[in-house]
Amino acid sequence: MPRRQFLLFLAALLGPCLFLLAFGLRLLDQERQLEQKRIQEERQRQADRVGQELLTLVERIRLDLALTPDGRPHPAVVFVGKWREGRLEFPWDAPSKAQPVCDSSADSAFCGRLRQAEHAELVAREFDSAAQGYGEAIQAARQPGTETHARLRLARTLAKLDRRAQARIEYERVLRTPSAVVDEYGIPLGLYAAPPLLATERGRNEVLALIWRHLEGLDRLPAPALYMLRDLAQEAGSGEVVTRLAERIQDREQAVGLQRDFARLMPVSRTPEPMWVPFGDPPWLVSIPAAGRPAEGLVIALRATDLFSRLSPAARGVELARGNTGEPLGENFPGLLVTLPALDQTGAASRRIFLLLALVLVLGLTLFAGHLLWRDVRREARLAEMRSQFVSSVSHELKTPLATIRVFSEMMRLGDELDRDTQCQHLDTITQETARLSRLVDNVLAFARIEQGKQVYRTQSVALAGVIDAAARAIEYPARESGFQLEISADGDLPPVSGDRDALEQAVLNLLSNAMKYSGESRRIGLHLSRDESAALIRVVDHGIGIPNEEQTRIFERFYRVPSTENEHVPGTGLGLTLVDHIIKAHGGSVEVESAPGKGSTFTLRLPLGNHS
Ligand code: ADP
């Protein structure tokens, strides 16, 4: 195939393929970008929804706290504090109104007795008189706080006197002191009676009951009271209470951190609306007072995980982000990032797979069509080449006999003195060459008719012995001239077949002439007529150059000639076997080849005997 045609073909096929590939890849890329954008928008929408829901929740809590400050606080509330004069104040910060036990002369009778008793107990170690002194001080006390102080000392002295039952009664009295009665550090005085009571089961239960009562109002207790309660709970063996108290203590520590950092958080708030900022770990949401009123405001700290667990089922799976990656929840929650549950992307993935498959399919189809086209084009090109070869070989084949005829006719005309034998020889040669010419013309005409679909076989009853006889006679002269020995055998009682006698003779003649052409050094040719159960067999055997296995089917193609060096100098058109095949198939038969290079070939024409058998 010419190079230019090949390049044009490549351009015609590869161009669209490359375009298709680029287009497909671009489409895939666009699809991916679109999907990313969709996911981003969807996440933003989800985050906005969650932000809105969270805002409604925290604002409701804030409103509840503002409307009913003494009501039961929401479980998510850690504390409600105040921003006042540049400082964050906690509810437990309220200074204790309690005075030291004896710091004034206002209660001089009580203080005098208490000091005497303390001297007797701690210095003189006269416990009996000390106990009596403390009892008198209790009588003289005018406030519950001072009385409880004296009673604590009395209980201690009774214990030293080993009057345990009495001591316990006094401790129990102290334990029942109202929790509002505190020392100057804000610690409820009742708590001081708890340790000695823990020794008995009854005392332990009373202490635990006291601790439970305090758990209700932990917000108002100072940190040391919390530590004391925790230690008591630990000694009393109540793990649940210890855990709750440990959590509160941790809250206090985190609150101290918030107090330190609060001023730094403040400038975040720029809008007149109060804002909620995340703080600490475990995370809190802390309300920052509105920008317009930075001097004073309510500060509420809420447990973020508690809040998130209260969101609607649509927002489930949303969590506070750890680190700096996450979706922002909008301007009401500056700095608050959340992680959203993964979006369902199966739709996008299947869309991409579909696109990819479509691309592969279209590319595959285009390449397959290109392959078929390429095969057709190559076949046509080969045929065109063969045709032009055919024209040149036909012209060559025509020229040789014509030249011989002309030479011998000239010799006859000019040679007056030629003897009779020589004249006969010349005339034989001319007849022989004419026969060869007409064989060639017959082949070409038959082929032309076949190509145009006009070939008609006239069916008659044909004796095959006659056919091979006629063919042998037609080839006899040139065979003899070239030194060939023709071995002929025929099965005598073969019934006639129905067919076109001339066509069958032409087929046998073509095989015989091939046997002569491709015999190489060998000079033996066999022509045998026989039969098997259902068919007559005409066999042409030579011992010539043979045909390679892979060429044995191709030799029946039109114009095809085996491309070997031995064949190069043998004249031929590549039509002989095409015609043989066509004729025999038209008679319902088949052509078989047995051949091996260098060993010779046997062509068998198998013709059905039909109802003549
Ligand atoms: P051609 O005019 O070339 O002989 P054919 O159609 O008769 O055309 O044969 C096709 C090809 O088959 C030949 O060119 C030759 O290569 C091969 N061929 C045919 N008959 C024989 C044979 N008896 N021995 C070897 N090769 C043969």
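As the structure is a computational prediction, the values presented were derived from the model and not from experiment.

> Explain the overall build of the chain to me, and be specific about the residues and the numbers.
In terms of helices and strands, the chain carries 16 helices and 15 strands. Its C-alpha atoms give the chain a radius of gyration of 61 Å, more than 25% over the compact-globule value 25 Å for 613 residues. In terms of its C-alpha atoms, the chain occupies a principal-axis envelope of roughly 190 × 55 × 45 Å. Evaluated residue by residue, the chain yields a buried proportion of 41% over its 613 residues.

> Quick rundown of the packing of aromatic side chains? Include the residues and the values.
Each aromatic ring pair is described using two quantities: the centre-to-centre distance and the angle formed by the ring planes. In total, this model carries 7 aromatic pairs according to the counting rule given. Judged by centre distance (6.1 Å) and plane angle (10 degrees), the ring pair of phenylalanine 19 and phenylalanine 23 falls under stacked. With phenylalanine 19 and phenylalanine 23 both in helix α1 (residues 3-67), this residue pair falls 4 residues apart, about one helical turn. Among the aromatic residues, ring-to-ring pairing joins Phe79, Phe90, Trp92 and Trp284 into one connected group.

> Just give me the short version of the site of the ligand, but keep the residues and values in it.
Taken together, 20 residues are adjacent to the ligand, and Asn514, Tyr518, Arg561, Asn567 and Thr573 come closest. The separation between an oxygen atom of the ligand and a polar side-chain atom of asparagine 514 is 2.8 Å. A distance of 2.7 Å separates an oxygen atom of the ligand from a polar side-chain atom of tyrosine 518. The fraction of the free accessible surface of the ligand (530 Å²) that becomes covered by protein chains is 98%. Taken together, the elements giving at least two residues each to the shell around the ligand come down to α14 (501-517), α16 (576-586) and β15 (600-608). When its residues are assigned to classes, the shell around the ligand shows 9 nonpolar, 8 polar and 3 charged.

> Can you explain the pattern of salt bridges? Please cite residues and give values.
Tallied over the full model, the rule gives 35 salt bridges. Ionic pairing is found between glutamate 89 and arginine 84, a salt bridge with its closest N-O pair at 3.1 Å. Glutamate 147 is paired through a salt bridge with arginine 151; the nearest N and O atoms lie 2.7 Å apart. Taken together, the residues glutamate 147 and arginine 151, both in helix α4 (residues 144-160) and 4 residues apart, mark about one turn of the helix. For glutamate 147, a relative accessible area of 29% puts it in the partly exposed group. Salt bridges here are not isolated pairs; linked through shared partners, they connect Arg168, Glu172, Arg176, Arg202 and Glu206.

> Describe the domain arrangement of the chain, and please don't skip the residues or the numbers.
Split into domains, the chain comes out as domain 1 (3-49 + 346-389), domain 2 (54-79 + 272-339), domain 3 (80-98 + 186-268), domain 4 (99-181) and domain 5 (457-608). Measuring from the centre of the C-alpha atoms in domain 4 to the corresponding centre in domain 5 gives 145 Å.

> How would you sum up the nonpolar core? Please name residues and give values.
In this structure, Leu464, Ile538, Ile584, Phe603 and Leu605 are the most contacted members of the largest nonpolar core, which totals 52 residues. The leading source of residues in this core is α14, at 9 residues. One finds Leu175, Leu198, Leu218 and Leu245 within the second-largest nonpolar core, a separate group that totals 28 residues.

> Break down helix α9 (residues 239-265) for me, citing the residues and quoting the values.
Here α9 is 27 residues long and its end C-alpha atoms lie 36 Å apart, about the 39 Å a rise of 1.5 Å per residue gives. Glutamine 259 marks the point of greatest bend in α9, at about 40 degrees.

> How would you summarise the sheet that holds strand β7 (residues 327-328) if you had to cite specific residues and measurements?
Consider a sheet: its strands pair through backbone hydrogen bonds, and that pairing is either parallel or antiparallel. Read from one edge of the open sheet, 3 strands run β6-β8-β7, paired in antiparallel fashion. Only two strands of the sheet have a single partner each, and these edge strands are β6 (319-320) and β7.

> Before we move on, could you go through the side chain of glutamine 552 and cite the residues and values that matter?
Here glutamine 552 is to be found in the loop between β13 (535-542) and α15 (565-568). When its relative accessible area of 13% is taken as the criterion, glutamine 552 is described as buried. Of note is the side chain of glutamine 552, whose polar atom sits 3.1 Å from the backbone oxygen of serine 595. When near neighbours in sequence (up to four residues on either side) are disregarded, glutamine 552 contacts Ile547, Val593 and Ser595.

> Give a detailed account of the packing of helix α5 (residues 164-175) against helix α7 (residues 201-216), specifying residues and quantitative values.
Taken N-terminus to C-terminus, the directions of α5 and α7 make an angle of 10 degrees; their axes are 11 Å apart at the nearest point. Of the possible angle classes, the one that applies to α5 and α7 is roughly parallel. α5 and α7 meet at a crossing whose hand is left-handed. Taken together, the residues of α7 that come into contact with α5 (itself represented by Arg168, Glu172 and Leu175) are Arg202, Glu206, Val207 and Leu210. Its residues placed into classes, the contact of α5 with α7 shows 3 nonpolar, no polar and 4 charged.

> Report on the side chain of serine 287, specifying residues and quantitative values.
Residue position: serine 287 is located in strand β4 (residues 284-288). Among all residues touching serine 287, those that are not within four sequence positions of it are Arg62, Phe262, Met275, Trp276, Leu298, Val299 and Ile300.

> Lay out the sheet that holds β13 with the relevant residues and their values.
In spatial order, the strands read β10-β12-β13-β15-β14; together these 5 strands make up an open sheet with mixed pairing. Among the strands making up the open sheet, the edge pair consists of β10 (485-490) and β14 (590-596). Ignoring which end each strand starts from, the neighbouring axes of this sheet average 10 degrees apart. Two strands pair when backbone bridges link them, and β13 and β15 are joined in this way by 7 bridges, in the antiparallel orientation. Residue pairing across strands places alanine 536 opposite leucine 607, the latter belonging to β15. Where α16 meets the sheet, its contacts fall on β14 and β15, and the angle it forms with β15 comes to roughly 25 degrees.

> Can you explain the pairing of β14? Please cite residues and give values.
The alternating pattern of β14 places Val591, Val593 and Ser595 on a buried face and Ser590, Glu592, Glu594 and Ala596 on a face that is not buried. Strand direction decides the pairing type here: β14 and β15, joined by 7 bridges, are antiparallel. When the bridges of β15 are listed, serine 595 appears paired with serine 601. In sequence, β14 turns back onto β15 through a hairpin of 3 residues, with glycine 598 there showing a positive phi of about 85 degrees.

> Before we move on, can you summarise the pairing of strand β3 (residues 275-279) with the specific residues and values?
Summarising burial for β3: 4 of the 5 residues are buried, a large majority. Bridge count for β3 against β4 is 5 bridges, and the pairing is antiparallel. Within β4, the position partnered with valine 277 by the bridge is valine 286. Between the end of β3 and the start of β4, which pair antiparallel, lie 4 residues, with glycine 280 showing a positive phi angle near 75 degrees.

Calculation rules
- Residues numbered from 1 in each chain as written.
- Predicted model: local features only at pLDDT ≥ 70, side-chain atom pairs only at ≥ 80, totals over all residues.
- Heavy atoms only, no water.
- Helix = DSSP H or I, 4+ residues; strand = E, 2+ residues; numbered from the N terminus.
- Rg over C-alpha atoms; globule rule 2.2 N^0.38 Å.
- Buried < 20%, exposed > 50% of the residue type's maximum accessible area, 1.4 Å probe, protein only.
- Phe/Tyr/Trp six-rings, centres within 6.5 Å; stacked < 30°, edge-to-face > 60°.
- Near = heavy atom within 4 Å.
- Polar contact = N/O pair within 3.5 Å; in protein donor to acceptor, adjacent residues only side chain to side chain.
- Areas by Shrake-Rupley, 256 points an atom, 1.4 Å probe, with all protein chains shown as cover.
- Nonpolar A, V, L, I, M, F, W, Y, C, P; charged D, E, K, R; others polar.
- Salt bridge = Lys/Arg side-chain N within 4 Å of Asp/Glu carboxyl O.
- Domains from an automatic or database assignment.
- Core = buried A, V, L, I, M, F, W, Y, C linked by side-chain atoms within 4.5 Å.
- Expected span 1.5 Å × (residues − 1).
- Bend = angle between axes of the 7 residues up to and from the residue.
- Pairing = 2+ DSSP bridges.
- Contact = heavy atoms within 4.5 Å.
- Axes fitted to C-alpha atoms, helices over the stretch in contact; angles between N-to-C directions.
- Parallel < 35°, antiparallel > 145°, perpendicular 65-115°, else oblique.
- Left-handed = near helix turned anticlockwise from the far one by under 90°.

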